[in-house]
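Chain and residue survey
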Amino acid sequence: MANESTQLVEQTKERLSVVGSAVNVKIRDFAKMAKEGTTSIRGLALISGLALVVSSFSDFVKNILTLHFISAVINFYTFFIGGVAIIMEVDPKAIPYGEEVRAWLMKYIGIVQLSTGRGVFYGVAGTLAISQTQTDSPLNCWTSKLSLTI
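Residues numbered from 1 in each chain as written. Predicted model: local features only at pLDDT ≥ 70, side-chain atom pairs only at ≥ 80, totals over all residues. Heavy atoms only, no water.

Here we look at the overall build of the protein
Within the protein, the regular secondary structure consists of six helices and zero strands. Going from N to C terminus, the protein has its helices and strands arranged as α-α-α-α-α-α. Buried positions account for 29% of the 150 residues belonging to the protein. The contacts in the protein between residues at least 6 apart in sequence include a share of 62% that link residues at least 24 apart. If you sum the accessible surface of the protein, you get close to 10000 Å²; carbon and sulfur atoms cover 69% of it. (Helix = DSSP H or I, 4+ residues; strand = E, 2+ residues; numbered from the N terminus. Buried < 20%, exposed > 50% of the residue type's maximum accessible area, 1.4 Å probe, protein only. Contact = heavy atoms within 4.5 Å. Areas by Shrake-Rupley, 256 points an atom, 1.4 Å probe, with all protein chains shown as cover.)

Okay, here's the thing in structure tokens:
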């Protein structure tokens, strides 16, 4: 009877060890996904960042030429946020100084470390872009809606 009890305790320990290992792997996978994000969301964020850069640059030039300097400053901010989106979502080795710039962004803009934080950051970018949307530019309207969606 004591031998069976000892065997049962040993089997239970082994099973708990296996379960603990499986749970540990799942927790690591979840933490990795929370930090990096899924591929589809990262792809949409990259497209949105590219669209923000293109539309804010064109609006920046237009606002400088028409002497709307406050709007030009906001377009510069939107351009910067779009650039941050591109840097955060593209492979750091694919762009010059990508690893250094990404490390700097992670250090000084801590919210972009997790995919949830980047989502909040992109939400701010979308609302900033929407605040500057003008009805004469279909690209800006499309960019704003895409940015806010992401």
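Additional details are given in the paragraphs that follow.
Let's talk about helix α4 (residues 98-108)
Of all the residues in α4, the buried ones are Gly-98, Arg-102, Leu-105 and Met-106. All buried residues of α4 project into a common sector of 100° when viewed along the axis, lining one side. Away from its buried face, by an angle of more than 90 degrees, α4 presents the exposed residues Glu-100, Lys-107 and Tyr-108. (Arc of directions from axis to C-beta.)

Looking at the side chain of Ser-56
When you line up the elements, Ser-56 lands in helix α2 (residues 39-65). Taking relative accessible area as the criterion, Ser-56 reaches 2% and is therefore assigned buried. Among the polar contacts listed, one links the side chain of Ser-56 to the backbone nitrogen of Phe-79, at a separation of 3.3 Å. Contact partners of Ser-56, with chain neighbours within four places excluded, come to Asn-75, Thr-78 and Phe-79. (Polar contact = N/O pair within 3.5 Å; in protein donor to acceptor, adjacent residues only side chain to side chain.)

Re the nonpolar core
Counting residues in hydrophobic clusters, the biggest one holds 14 residues, and the most contacted among them are Val-84, Met-88, Leu-105, Ile-109, Val-112, Phe-121 and Tyr-122. Elements with a contribution of two residues or more to this core: α2, α3 (69-89), α4 and α5 (115-131). If we skip the residues at most four places from it in the chain, Ile-109 touches Trp-104 and Phe-121. (Core = buried A, V, L, I, M, F, W, Y, C linked by side-chain atoms within 4.5 Å.)

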